[in-house]
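# Fold and contact review
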Amino acid sequence: MDDLTNKKEVSPEMIEEVLVQAHINQIDVPDIVIPPISKQYLRNVKQLTTAGNRFILTDGISDVEVKVISDEIIRVRMAPQGEFLEEFSYAIDDFKFHITDIQTTETPDYYRISTNTISCHVRKADFYVSFLDVDDVVINEDSRPMHWEENAEFGGYYVYCSKKRQQGEHFFGLGDKPSDLDLLGKRFTMWGTDAYAYERNSDPLYKNIPFYIGIHKGVSYGMFFDNTFRSYFDFAAEEKDKVSFWTDGGEMQYYYIHGPHMMDVVKRYTKLTGSHPLPPLWALGFHQSRWSYYPESIVKELAHTFRAKKIPCDALHLDIDYMDGYRCFTWNRKFFPNPKKMIGELSGLGFKTIVIIDPGIMVDEQYWIFQEGRDNKYFCRRGDDYFMEGPVWPGRCQFPDFTNSKVRNWWGDLFKEFVEQGVAGVWNDMNEPVVFGKGTFPLDVRHHFEGYRGSHRKAHNIYGMQMVRATYEGLKKHQRNKRPFTITRSGYSGVQRYSSTWTGDNMATWDHLKLAVQMLQRLSISGISFSGSDIGGFTGEPTGELYIRWMQFGVFSPLMRVHSAGNTGAREPWTFGSGYEKLAKKFISLRYKLLPYIYSAFWENHKYYFPMLRPLSMLEQEHEQNYSRDDEFTLGDKLLIAPVIEKGVVSREVYLPKGMWYHFWDLSVWNGGTYYEVPAPLDTIPIFVKAGSVIPEYPVMQYVGEHEIHEMLLNVYYAPYHVNSFMFEDNGDTFGYEQNIYLEKKFETSGNEEMLQIHQVIEGMYTPRYEYYRIKIYGLPFKFSKVLLNGKQLSGVKQVRKGNILVFRAIKNFKKIEIIAAENKYQ
Ligand code: MIG
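Attention in this report is confined to the structure presented alongside it. (Residues numbered from 1 in each chain as written. Predicted model: local features only at pLDDT ≥ 70, side-chain atom pairs only at ≥ 80, totals over all residues. Heavy atoms only, no water.)

## A short note on the overall build of the protein chain
Each helix and strand in the protein chain was counted, giving 12 helices and 54 strands. Here the C-alpha radius of gyration of the protein chain, 29 Å, is about what a compact globule of 827 residues would show, namely 28 Å. When burial is assessed residue by residue, the protein chain has 61% of its 827 residues classed as buried. Looking at the protein chain alone, contacts between residues at least 24 apart form 69% of all its contacts between residues at least 6 apart. (Helix = DSSP H or I, 4+ residues; strand = E, 2+ residues; numbered from the N terminus. Rg over C-alpha atoms; globule rule 2.2 N^0.38 Å. Buried < 20%, exposed > 50% of the residue type's maximum accessible area, 1.4 Å probe, protein only. Contact = heavy atoms within 4.5 Å.)

Encoded structure:
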């Protein structure tokens, strides 16, 4: 073939290309050696065209699309050479947003696209994009025009966006970064990584959540950079007045999400990317895990010990050693001769069995799952068509392409047998994805990407999310109407629609406890409320003290699980001696008492997009000094928790947000808006209850559903003003709530010197089995004369603890309760 001489023949296409390049690079003399296009900044805006809620602006070469998503959300995309990629996103949920009205105006200087809440300005002279509120205050603006650069090796473009850091601006979000809550002055990468024994400021970790929140002058907004390639964020690290984000490929595509409150931003982001469906209620109980509990006799002994010691527990986790040679979906029959029988026995004791699963499928001709995957071409392939192979636990493995719905369905169906055996939940590990040695797949590996195609550069950061999605959907199908429970280590924005998550391989150190406190808050404001950390630390050995302090934080972690590495000492609640065992039991029991409250907070996340954990910076964003106070938070909106995260301390400083608070343990009343040094010996941590709250409480059970609840306890904390509290109830494990089979109860309390009123409004169609509430009223400032229920006097009202607590029983459907002060009300 004469081709082999490699003469430089010039085709008409090449000439055309050379001319385009020359034009872009402003070169007069085109050369046959064409260099890749180096950094190109958008230039002046030449034109705006409109199509409905989409606006296309061009500088003659590149196009920018501004799309109004809702009254408060605007998306910006850039097509370097004028051609947008087909629209597709794994992150975006299908929520239909509302747009009231869109106005466009043109001035000599800029184009302006406005909703009734925000406007986007594009400056004609230099293509600077900015976002303004209704009063035309600039909330966010470019500090350079968007820019791009050709990626000569892989194709596509590096795409960049630089924003101005507004005066005094701070930054939050980004998922699981192991750093202080405030991201100012730091730079981060999104590239899911197996970060065994990571440290403070290690980066990247497992998750890829390219969403951040900026706050300046007490106003918040969000930026969601929806791009799955390896991406980077710089929060004024390189240049003090600039914030940048960029990627190795794909499209510059970001959503500006308006506030002005951090809460609004987080709710809108969560609406955009979805929330977690309700988990089964037992999943909010206590989980005990270890790498690994085996054989069967050890697992049973563990279960019996919990029951014998009367320490509540709902779930036991089996790590990789339950498998036969680490082959997914198999059991090691030597260790677990009859899994169904064992799971049945555990279930009889009230335990759910959760098993781990990895994405790597062992290359083994005798293994039917490998055969099926290979024969159906479900495994990922290299760029030049060989199957992708690499070593993980089982040895050589191939990996399902979870970006293909056919593969996901296949994977999901593989859980059928597990479900029949009684497995109640699946823990998805190593899905960054991990390959020993190299870390992950080579970048040329191809992915289906729902038909939109991509190399591993594009699919890496969403691989884990699609794996757990496959798992979730498979469980959902095979468990029929029962809610699945899944955990995942990796994930991309939107992963919360399919799974809970944990913070991976942490260490048994005090700083790691602090990191866990910071990371769970960060995840929560990044759309992922249902998270936990390995209580006690994964690697290393905690002292009894550290273990208990971590357990105390665990009570307020949406996912409460003890887990540890194989080469560490045991981590059961009784491991550290009877003194610590008593404390572990006390706090695990507290978790079970608070379950109806935690469940209601979960519902508020699922249905209304409220994050479960709320940092001080969210509660009082107008106070900059709160931004660095990231070691206390509220769970839901009623309980403020200040975990103890230092060795040997018996008190800690707590900032109480404005308002009146009750000390959870001694019921004393404290005024917020200031700092206190709060006693915190090892048998307690500072917990405060917002005055006016109604906190529902369960009796301590050894596991969810151990017995019917005869009365629901309502703890009512008097406040001299109006407060609303919410409680959610349903059957706890089906999708009935999607058919409105649930109750949403609103308790409205209002107190004054004469009386305390409690109104109850009930919505929904569920009927709890109990008939009565037991109501406890704390902090009444007066002596009571009588209690009226729907206007009729109640008998059997007791006063305890020097008369300061009233206790009585009330029918569950009451509408109004009035506690009336005595004439001589000051006692
Ligand atoms: O290569 O399954 O983060 O929780 O115990 C380690 C064994 C694989 C990593 C997980 C950890 C789990 C461990 N896994």
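After that view of the structure, there is still more to cover.
## A look at the packing of aromatic side chains
In total, this model carries 77 aromatic pairs according to the counting rule given. A ring pair is formed by Tyr90 and Phe449, whose centres lie 5.0 Å apart and whose planes are at 65 degrees; its orientation type is edge-to-face. Of this pair, Tyr90 sits in the loop between strand S5 (73-79) and strand S6 (103-106) while Phe449 sits in the loop between strand S28 (446-447) and strand S29 (454-455), and the two are 359 residues apart along the sequence. There is no split in this pair, since Tyr90 and Phe449 are both buried. Note on Tyr232 and Trp246: the rings are 5.3 Å apart at their centroids and 15 degrees apart in plane angle, and the pair reads as stacked. With Tyr232 in strand S18 (residues 231-235) and Trp246 in strand S19 (residues 242-247), the pair connects residues that are 14 residues apart, well separated along the chain. Connected via pairs of aromatic rings, a cluster forms that spans Phe131, Phe171, Phe188, Tyr212, Tyr221, Phe225, Phe233, Phe235, Phe245, Tyr254 and Tyr256. Against the face of Phe387 rests Arg381, its NZ or CZ located 4.4 Å from the ring centre. Here the guanidinium or amino end of Arg561 rests over the ring plane of Trp502, the centre of that ring lying 5.2 Å away. (Phe/Tyr/Trp six-rings, centres within 6.5 Å; stacked < 30°, edge-to-face > 60°. Lys NZ or Arg CZ within 6 Å of the ring centre and 35° of its normal.)

## Observations regarding the site of the ligand
The ligand sits among 13 residues. The nearest are Asp319, Asp429, Arg489, Asp505 and His563. Between the ligand and Arg489 there is a distance of 2.8 Å, counted from an oxygen atom to a side-chain nitrogen or oxygen. Within the side chain of His563, an N or O atom sits 2.8 Å from an oxygen atom of the ligand. About the coverage of the ligand: the protein hides 96% of its 350 Å² of free accessible area. Broken down by class, the residue content of the shell around the ligand amounts to 8 nonpolar, 1 polar and 4 charged. (Near = heavy atom within 4 Å. Polar contact = N/O pair within 3.5 Å; in protein donor to acceptor, adjacent residues only side chain to side chain. Areas by Shrake-Rupley, 256 points an atom, 1.4 Å probe, with all protein chains shown as cover. Nonpolar A, V, L, I, M, F, W, Y, C, P; charged D, E, K, R; others polar.)

## A few points about the sheet that holds S6
Strand-to-strand pairing in sheets goes through backbone hydrogen bonds, with the strands running parallel or antiparallel. Strands sit in the order S6-S7-S8-S9-S10 across an open sheet of 5 strands; the sheet is antiparallel. At either end of the open sheet lies a strand with only one pairing partner, and these are S6 and strand S10 (138-141). With strand direction ignored, the average angle separating the axes of adjacent strands in the sheet is 20 degrees. For strand S8 (residues 118-123) and strand S9 (residues 129-133), the ladder comprises 5 bridges, and the chain directions are antiparallel. Looking at S9, one finds that Ser119 is bridged to Leu132. (Pairing = 2+ DSSP bridges. Axes fitted to C-alpha atoms, helices over the stretch in contact; angles between N-to-C directions.)

## Focus on the pairing of strand S54 (residues 816-821)
Counting buried positions along S54 yields 5 of 6 residues, so the element is predominantly enclosed. Taken together, the 5 bridges between strand S48 (residues 755-764) and S54 define a ladder with antiparallel strand orientation. Following the sheet pairing, Leu756 is matched in S54 by Ile819. As judged from the 5 bridges shared by strand S50 (residues 784-789) and S54, these two strands associate in the antiparallel manner. Bridging across to S54, Leu788 finds its partner in Glu818.

## Details of the pattern of salt bridges
Scanning all chains against the criterion turns up 60 salt bridges. In this structure, Arg374 and Glu365 form a salt bridge, with 2.6 Å as the shortest nitrogen-oxygen distance. Using a relative accessible area of 43% as the deciding quantity, one classes Glu365 as partly exposed. If you follow the salt bridges from partner to partner, you end up with Arg54, Glu65, Lys67, Arg75, Arg77, Glu87 and Glu251 in one network. (Salt bridge = Lys/Arg side-chain N within 4 Å of Asp/Glu carboxyl O.)

## Things to note about the side chain of Arg591
Take Arg591: it is sitting in helix H11 (residues 578-608). There is no salt bridge for the buried Arg591, and the closest opposite charge comes from Asp314, which lies 8.5 Å off by N-O distance. Residues within four places of Arg591 in sequence aside, it is in contact with Leu284, Gly285, Gly554, Val555, Phe556, Ser557, Pro558, Leu559, Met560 and Ile598. (Lys, Arg positive; Asp, Glu negative; His and termini not counted.)

## A look at the packing of helix H3 (residues 296-309) against helix H4 (residues 339-348)
Relative orientation and spacing of two packed helices are given, respectively, by the angle between their axes and the distance between those axes. For the pair H3 and H4, the least separation of the axes is 10 Å and the interaxial angle reads 5 degrees. The angle between H3 and H4 falls in the class roughly parallel. Between H3 and H4, the residues in contact are Glu296, Val299, Lys300 and Ala303 and Met342, Glu345 and Leu346, respectively. Among the residues forming the contact of H3 with H4, the class breakdown is 4 nonpolar, no polar and 3 charged. (Parallel < 35°, antiparallel > 145°, perpendicular 65-115°, else oblique.)

## A closer look at the nonpolar core
In summary, soluble globular proteins display a tendency toward joint burial of nonpolar side chains. Judged by nonpolar contacts, the single largest core of 191 residues is most densely connected at Phe556 and Ile819. Among the elements that take part in this core, H11 stands out by supplying 14 residues, more than any other. Excluding its chain neighbours within four sequence positions, the residues that come into contact with Ile819 are Glu754, Met755, Leu756, Ile777, Leu780, Phe782, Phe784, Lys786, Val787, Leu806 and Phe808. Among the nonpolar cores identified, the runner-up in size contains 42 residues, and Val66, Val76, Phe171 and Tyr254 belong to it. (Core = buried A, V, L, I, M, F, W, Y, C linked by side-chain atoms within 4.5 Å.)

## As for helix H6 (residues 405-413)
If you check which residues of H6 are buried, you get Val407, Arg408, Trp410, Trp411 and Gly412. Residues of H6 that are buried in the fold lie against strand S23 (352-357), strand S24 (361-362), helix H5 (368-375), helix H7 (416-421) and helix H8 (456-478). One side-chain oxygen at the N-terminal end of H6 lies 3.0 Å from the backbone nitrogen of Lys406; it belongs to Asn404.

## As for the side chain of Asp248
With respect to the helices and strands, Asp248 occurs in the loop between S19 and strand S20 (252-258). Judged by relative accessible area, which is 18%, Asp248 ranks as buried. At a separation of 3.4 Å, a polar atom in the side chain of Asp248 contacts the side chain of Tyr232.

## With respect to the state of the cysteines
Counted according to the given criterion, the structure contains 0 disulfides. Here Cys120 is not disulfide-linked; the sulfur of Cys161 is the nearest cysteine sulfur, at 11 Å. Classification of Cys120 by relative accessible area gives buried; the value is 0%. Judged by its relative accessible area of 1%, Cys161 is buried. (Disulfide = S-S within 2.5 Å.)

## Notes on H5
Residues of H5 that are buried: Ile369, Phe370 and Gly373. On an axial view of H5, the arc spanned by its buried residues comes to 100 degrees, and they lie on one face. Buried positions along H5 lie against S24, strand S26 (395-398) and H6. (Arc of directions from axis to C-beta.)

## Here's the deal with unusual backbone geometry
In this structure, the amide linkage connecting Trp291 to the following residue, Ser292, adopts the cis form with an omega of -10 degrees. The residue Ser292 is located in the loop between strand S21 (286-288) and H3 in this model. Cis geometry marks the peptide bond from Glu432 to Pro433; its omega dihedral reads -5 degrees. Turning to its location among the elements, Pro433 is positioned in the loop between strand S27 (425-428) and S28. Look at Asn201: it is not a glycine, yet its phi comes out positive at around 70 degrees. Judged by relative accessible area, Asn201 falls into the partly exposed class, the value being 43%. Non-glycine residue Asp385 carries a positive phi angle of around 90 degrees. Relative to the elements of secondary structure, Asp385 occurs in the loop between H5 and strand S25 (390-392). Residue class for Asp385 comes out partly exposed when judged on its relative accessible area of 39%.

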